[in-house]
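A closer look at the structure
As a plain string of letters, each chain reads:
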Amino acid sequence: MTTISYDEFSKLDIRIGQVLKAEQIKGSRKLLRLEVDVGGEVRQIVAGIAEFYRPEDVVGRKVVVLVNLQPKVIFGVESQGMLLAADVNNRPYLLTVDRPHEVPPGAKVR
């Protein structure tokens with residue numbers, strides 16, 4: 001395992017986001033296109049979770065988002081961040097908020 005310094009970690013902008021919209025990306029069985037409120041800004045994020053989460057299962061959820069990841073085009077759609085998930089036997093489990101009504105979109109994760 002490679003370690004990083006606290007200074008390197010502090011460069012990561014990790015926030016709580018609320019999924020406003022989700023849809024399957026045409027032609028892909030693995031990808032969802034999400035619109036996520038990350039606090040005063042809505043980001044489009046492509047997430048490889050479609051085999052395990054239906055769009056209607058994620059809308060409204062508060063999730064953990066890496067916001068300052070360099071944008072990348074995935075399957076023809078620009079992704080402007082990354083959802084964080086636990087990986088158990090190649091199955092993603094979205095990281096969510098314990099008390100979603102108390103934590104607003106945009107709250108910093110430290």
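Notes on the structure in this doc start here. (Residues numbered from 1 in each chain as written. Predicted model: local features only at pLDDT ≥ 70, side-chain atom pairs only at ≥ 80, totals over all residues. Heavy atoms only, no water.)

Glancing now at the side chain of lysine 62. By the secondary structure assignment, lysine 62 is in strand β4 (residues 62-66). Among buried Asp, Glu, Lys and Arg side chains, lysine 62 stands out as unpaired, with aspartate 37 the closest opposite charge at 8.6 Å. Within the structure, the side chain of lysine 62 is placed 2.6 Å from the backbone oxygen of proline 100, a separation counted as a polar contact. Polar side-chain contacts of lysine 62 include one of 2.6 Å to the backbone oxygen of valine 103. Ignoring anything within four residues of it in the chain, the contact list for lysine 62 reads Ile16, Gly17, Gln18, Leu95, Thr96, Val97, Pro100, Val103, Pro104 and Pro105. (Helix = DSSP H or I, 4+ residues; strand = E, 2+ residues; numbered from the N terminus. Buried < 20%, exposed > 50% of the residue type's maximum accessible area, 1.4 Å probe, protein only. Lys, Arg positive; Asp, Glu negative; His and termini not counted. Salt bridge = Lys/Arg side-chain N within 4 Å of Asp/Glu carboxyl O. Polar contact = N/O pair within 3.5 Å; in protein donor to acceptor, adjacent residues only side chain to side chain. Contact = heavy atoms within 4.5 Å.)

Let us now look at the sheet that holds strand β1 (residues 14-24). Strand order in this open sheet of 5 strands is β3-β2-β1-β4-β7, and the pairing throughout is antiparallel. Of all the strands in the sheet, the pair left with one neighbour each is β3 (42-47) and β7 (82-83). Pairing of strand β2 (residues 32-37) with β3 involves 6 bridges; the strand directions are antiparallel. Each residue of the ladder has a partner; that of leucine 34, found in β3, is isoleucine 45. (Pairing = 2+ DSSP bridges.)

Before going further, it helps to spend a moment on the nonpolar core. Ranked by size, the top nonpolar core spans 17 residues in total, and within it Leu34, Ile49, Val58, Val65 and Leu83 carry the most contacts. Elements with a minimum of two residues in this core: β1, β2, β3 and β4. A per-element tally of this core places β2 first, with 3 residues. Setting aside anything within four residues of it in sequence, one finds valine 58 in contact with Val19, Ala22, Leu32, Leu34, Ile49, Tyr53 and Leu94. (Core = buried A, V, L, I, M, F, W, Y, C linked by side-chain atoms within 4.5 Å.)

Alignment of strand β8 (residues 85-88) against strand β9 (residues 91-94), held across 4 bridges, turns out to be antiparallel. Residue pairing for β9: alanine 85 is matched across the bridge by leucine 94. The hairpin formed by β8 and β9 contains 2 residues between the paired strands, and asparagine 89 there has a positive phi angle of roughly 55 degrees.

Once their charged atoms are close, side chains differing in charge can pair, the charge on each being opposite to the other. For the coordinates displayed, the defined rule picks out 9 salt bridges. The shortest N-O distance in the salt bridge between lysine 108 and aspartate 13 comes to 3.2 Å. In this pair, lysine 108 is assigned in the segment after β9 and aspartate 13 in the loop between α1 (6-10) and β1, connecting sequence segments 95 residues apart. Two residues, arginine 29 and glutamate 51, come together in a salt bridge whose shortest N-O distance is 2.3 Å. You can see arginine 29 sitting in the loop between β1 and β2 and its partner glutamate 51 sitting in the loop between β3 and α2 (55-58), a full 22 residues away along the chain. Using a relative accessible area of 58% as the deciding quantity, one classes arginine 29 as exposed. Overall, the relative accessible area of 41% leaves glutamate 51 in the partly exposed class. Within this structure, Asp13, Arg15 and Lys108 form a network of salt bridges that share partners.

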